[in-house]
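Reading the structure
Listed here are the chains, written in short residue letters.
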Amino acid sequence: MSAIAGIVHTDGQQALWEDSWRLYASLGHVPADTTGVWKGNEAFLSCHAQWITPESVSEQLPLYDEMSGLTITADAILDNREQLADQLSISRAELAGLSDSEMILRAYQRWDEHMAEKLLGDFAFAIWDERKRRLFAARDITGMRSFYFRHDGERFAFCTLMNPLLQLEGVHKELNEIWLSEFLAIPDMHDSADIHSTVYRGVSQLPPAHTLSFRDGRLEQKQYHRWDEVEPLKLKSDGEYVEAFREVFGQAVGSRLRTHRQVAAALSGGLDSGAVVGFASGTLRRQGKTLNAYSYVPVSDFTDYTSKTLLADERPFIQSTVNHVGNITENYLDFEGRSPLSEVDTWLDIMEMPYKYFENSFWIRGFYEKASQQDAGILLTGARGNFTVSWGPALDYYASLLKSGRWFRWLREMQQYSERTGMKFSRIAKITGRKAYPELFKSMSKGAAQAASVQLIHPEFASRTGVLERLKSIIVLQGGAQADALKVRAEKFNNLAIANKNGAVATKCSLRYRAWERDPTSDARVIRFCLSVPIEQYVNQGTDRALIRRATSPELPDKVRLNQRVRGVQPADWLHRMIPNWGDFTAELRALCSDSRVAGILNTERIKSALANFPNPRPELASHPDLRLMMHSLIVYRFIRKF
């Protein structure tokens, strides 16, 4: 794991030298096991390296190969080393001591600009090809490592972080209003629909699954992978699907345990993280290691207000998984004294931009801190499992049965689902009917969906930037009860803006705390497999998420594996944590409403209305959209104040 940076500069040695050291020095705050620089006649590369894998210990980065004239700097962990070794005629003996960056360099020598599609793992890297006078860079398929750059005529500079690119000669920090307008208008968790832009004018990002080539002042970007065409997997029996799932998921988990340090995991009471720790624990036991699991729990004075189908404190299910799996040291963490409000400045510093996931901010960062304290090089998660390994939208599937005239199966499946979940049959029928024939039911109109989603942005700012027209399809897709599950799933995989957000969090938290987030549910092999499996394997006999429930019978207790009646909600106590500081919070929002720096950007009239509605909120109102609007307003306000 590394913070990498570099410059290609054709305006002379002095300009290259001055910018190079500005870039290198601005990464001085990144904790590193070692640092390195390389400088040629036109290019400079650097690396602040953190040793995660056994092969990375004492690795030399940047790495210069005199014979080929190639120099690489890389932020990478490869997951298909043996496959690459076979393709590149590397013996197993040589592979044992070969770093991932050396393998990437050899892949470039073999396949040139087509090499990125051969790599699996989390990576961002840049190679200076001295003979071609070309800089070549690539980012992994799911975007788990970030890569920012700016192109100023004959100067091209890149970095893992954004702020170093703002320190270069002649650069002024300016807000990108187009990006900000999209951030304020998009109702979902991702930041911007433009997969290339960032919050800073002049600073771009290389999107996931893209390569970049810079030569003779010209910049070219290419997408090397999409999820559009995945060949359907047709097996003979349910058992064969289970066997295939276990093989591909086990491979994904196993390849993510490669570290000379400790291994930690985020563990909830659900299927995704439970499956990850279940598969990881046995492998680690054979390695003589114990898995450190981190589980978020509410503070002790919180009273659970959630419905009987929700669970704020998942300890009974978590403990069941821990006891069943074994070889786990469990850490229940409530982070008393922390709240979304106490985290804002730290998160803005880490992320270099506004963010939306404030409810989870204190425990996400807390897990990284704990991993750092316990010398964990890897922090396993199952963050993207809802659309891969544990996908299974029962109600949408039942709607498709109804619409296609398969009424007998529709009735039988709904009866079984009602028995398993405790949901009334009449309610299931009503929901599936609305999904199958939305035109026959009253539903939120497109205009209403847009209005509900853009309350945070000032109408004048929205009009000036044209953001509502530009994002029309996105706003409609994300909002509304009739969103088609298959379409939403396809959007999740092909929408690189979502991957940008996920990768920024993973990269920047990993760098800050020297623990690399690794998510087997986001493995490209797992995604491809899950997209190839027919929906009947995911919803069957009244069971949603059916494939993972069948496939994890050795790893998960039935209490967790077969649970369809309650689900965890994290964290239900975010508002409860903020109430002691509510006066300070609202005072800052009132100051916001009269501050010229956000006038015409944030919808201050809407914020004032929300303030009036919630002078003394109750914890059970945590999901109210007005409260989310208030918190998002404060985050954006504090960010803008930095300019």
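Here, residues in each chain are numbered from 1, in the same order as that chain's written sequence. For this predicted model, a pLDDT threshold of at least 70 governs which residues receive local features, and a threshold of 80 or more governs which side-chain atom pairs are given and counted, while totals over whole chains, interfaces and linings are taken from all residues. To get the side-chain values, take all heavy atoms of the structure and skip hydrogens and water.

Looking only at helices and strands, the protein chain has 26 helices and 19 strands in total. The C-alpha atoms of the protein chain give a radius of gyration of 25 Å, which matches the 26 Å a tight globule of 643 residues would have. For the protein chain, the spread of C-alpha atoms along the principal axes amounts to about 75 × 65 × 50 Å. Taking all 643 residues of the protein chain together, 59% fall into the buried category. Between two residues, a contact is recorded if the distance between any of their heavy atoms is within 4.5 Å. Long-range pairs, those at least 24 residues apart, make up 73% of the contacts in the protein chain between residues at least 6 apart in sequence. Numbering goes from the N terminus for both helices and strands, where a helix is a DSSP run of H or I of at least four residues and a strand is a run of E of at least two. Just to be clear, the radius of gyration here is over C-alpha atoms, and the globule rule we use is 2.2 Å times residues to the power 0.38. Think of it in three bands: with a 1.4 Å probe and only protein chains considered, a residue is buried below 20% of the maximum accessible area for its type, exposed above 50%, and partly exposed in between.

This part takes up the environment of G269. By the element assignment, G269 lies in the loop between β13 (262–266) and α7 (271–286). Between the alpha carbons of G269 and F317 there is a distance of 4.7 Å; along the sequence they are 48 residues apart. The contacts of G269, once residues within four sequence positions are left out, are E314, F317, I318 and V560.

Another point: the nonpolar core. Each nonpolar core is a collection of buried residues, namely Ala, Val, Leu, Ile, Met, Phe, Trp, Tyr and Cys, held together in the definition by side-chain atoms within 4.5 Å. Counting residues in each nonpolar core, the largest one holds 149 residues, and the members touching the most others are L180, L184, F249, F367, L380, Y398 and F585. In terms of residue count, helix α26 (residues 625–640) provides more of this core than any other element does, 10 residues in total. By size, the runner-up hydrophobic cluster in this structure holds 54 residues, among which are L78, A116, F136 and A209.

Let us now look at the confidence of the model for the protein chain. Each residue gets a pLDDT score, which is the predictor's confidence in that residue and runs from 0 to 100. For the protein chain, the average pLDDT comes to 93, and 96% of its residues sit at 70 or higher. Here residues 476–482 is a poorly scored stretch, pLDDT under 50, and it has 12 contacts once near neighbours within four places are set aside; other chains count.

To continue, consider the pattern of salt bridges. Whenever Lys or Arg places a side-chain nitrogen within 4 Å of a carboxyl oxygen from Asp or Glu, that contact is recorded as a salt bridge. A full pass over the atoms with the stated rule returns 52 salt bridges. Between R470 and E182 there is a salt bridge whose closest N-O contact spans 2.9 Å. A residue pair is termed long-range when its members are at least 10 positions apart, and R470 in helix α16 (residues 467–470) and E182 in helix α5 (residues 177–185) qualify at 288 residues. We note a salt bridge from E588 to R638, for which the minimum N-O separation is 2.8 Å. Here E588 is found in helix α24 (residues 582–593), whereas its partner R638 is found in helix α26, with 50 residues between them in sequence. Each member of the pair, E588 as well as R638, carries the same accessibility label: buried.

To continue, consider the packing of aromatic side chains. Note on ring pairs: Phe, Tyr and Trp rings are taken, using the six-membered ring of Trp, and paired if centres are within 6.5 Å. Classes follow the plane angle, with under 30 degrees stacked, over 60 edge-to-face and the rest tilted. Counting across every chain of the model gives 33 aromatic pairs. Ring centres of W17 and W21 lie 5.6 Å apart, and the angle between their planes is 65 degrees; this geometry places the pair in the edge-to-face category. In this pair, W17 and W21 both sit in helix α1 (residues 13–25), four residues apart, roughly one turn of the helix. Taking 5.4 Å as the distance between ring centres and 75 degrees as the angle between the ring planes, the aromatic pair formed by W347 and Y357 counts as edge-to-face. Of the two residues, W347 sits in helix α9 (residues 340–351) while Y357 sits in the loop between α9 and α10 (361–373), which places them 10 residues apart along the sequence.

Let us now look at the sheet that holds strand β8 (residues 148–152). Only strands that DSSP links by at least two bridges are regarded as paired with each other. Within the open sheet, the six strands sit side by side as β2-β3-β1-β9-β8-β10. Their pairing is antiparallel. Taken across any chain shown, the strands that pair with only one partner, and hence form the sheet edges, are β2 (34–39) and β10 (204–205). Where strand β1 (residues 2–9) and strand β3 (residues 43–49) come together, seven bridges link them in antiparallel fashion. Opposite A3, over in β3, you have H48 as the bridge partner.

Below, the discussion takes up unusual backbone geometry. The linkage connecting L61 with the following residue, P62, adopts the cis geometry, with an omega of -5 degrees. With respect to the helices and strands, the residue P62 is situated in the loop between β3 and β4 (63–65). Residue Q570 is joined to P571 through a cis peptide bond whose omega torsion reads -25 degrees. Position of P571 relative to the elements: it lies in the loop between β19 (567–568) and α23 (574–578). Positive phi, close to 60 degrees, is recorded for N327, a residue that is not glycine. Its location among the elements puts N327 in the loop between α8 (315–325) and β16 (328–333). With a phi close to 55 degrees, D375 is a non-glycine residue in the positive phi region. Relative to the helices and strands, D375 resides in the loop between α10 and β17 (376–380). Taking the relative accessible area as the measure of exposure, D375 reaches 37% and is therefore partly exposed.

A pair of packed helices can be characterised by two numbers: the angle between their axes and the separation between those axes. The contact between α24 and α26 brings their axes to 10 Å, and the two run at 65 degrees. As α24 runs across α26, the sense of the crossing is left-handed. On α26, the residues touching W582, F585, E588, L589, A591 and L592 of α24 are L627, M630, M631, S633, L634, Y637 and R638. In the scheme used here, Gly and all other residues not listed as nonpolar or charged are polar, with Ala, Val, Leu, Ile, Met, Phe, Trp, Tyr, Cys and Pro taken as nonpolar and Asp, Glu, Lys and Arg as charged. A class-by-class count of the residues in the contact of α24 with α26 yields 10 nonpolar, one polar and two charged. Under this scheme, a helix contributes an axis fitted over its contacting stretch, all axes are lines through C-alpha atoms, and angles between N-to-C directions fall in the 0 to 180 degree range. It is the rotation of the near helix from the far one that decides the hand of a crossing: anticlockwise by less than a right angle makes it left-handed, clockwise makes it right-handed.

With that settled, the discussion passes to the sheet that holds β16. The strand order across the open sheet built from five strands is β16-β14-β13-β17-β18, with neighbouring strands paired in parallel fashion. This sheet does not close on itself; its edge strands, each paired only once, are β16 and β18 (516–518). In this sheet, neighbouring strand axes are inclined to one another by 25 degrees on average, regardless of whether the strands run parallel or antiparallel. Relative to β17, β13 runs parallel, the two being bridged by four bridges. Bridge pairing links A265 to L380 in β17. Lying on the sheet, α8 is in contact with β14 (291–296) and β16; it crosses β16 at an angle near 165 degrees.

Okay, α10 next. Taking 1.5 Å of rise per residue, 13 residues should cover 18 Å, and α10 covers 19 Å from first to last C-alpha, within 8% of that figure. Here α10 has its buried residues at S361, F362, W363, R365, G366, F367, Y368, E369 and A371. Immediately downstream of α10, the backbone of D375 shows phi near 55 degrees, a positive value. How far a helix is expected to stretch is found by multiplying one less than its residue total by 1.5 Å.

Now for a nonpolar patch on the surface. A cluster of nonpolar side chains, W17, W21 and V37, forms an exposed patch at the surface whose accessible area comes to about 280 Å². Owing to a relative accessible area of 32%, W21 belongs among the partly exposed residues under this scheme. The patches reported here contain residues having more than 30% relative accessible area and no salt bridge. Joining distances are 9 Å for like charges and 5 Å for nonpolar side chains (Val, Leu, Ile, Met, Phe, Trp, Tyr). Here the accessible surface of atoms and residues is derived via Shrake-Rupley with a 1.4 Å probe, and residues count as covered only by protein chains that are part of the display.

It is worth spelling out the side chain of E359 at this point. Tracing the sequence through the fold places E359 in the loop between α9 and α10. Contact partners of E359, with chain neighbours within four places excluded, come to P340, P571, W574 and R628.

Here the focus is the pairing of β17. Burial runs high along β17: five of the five residues are buried. Bridge count for β17 against β18 is three bridges, and the pairing is parallel. In the strand pairing of β18, L380 is matched with R518.

Helix length check: helix α4 (residues 100–111), at 12 residues, gives a terminal C-alpha distance of 16 Å against a target of 16 Å (1.5 Å per residue), a fit within 8%. Packed against the buried residues of α4 are β4, β5 (70–78), α2 (81–87), α3 (92–95), β6 (121–129) and β7 (134–139).

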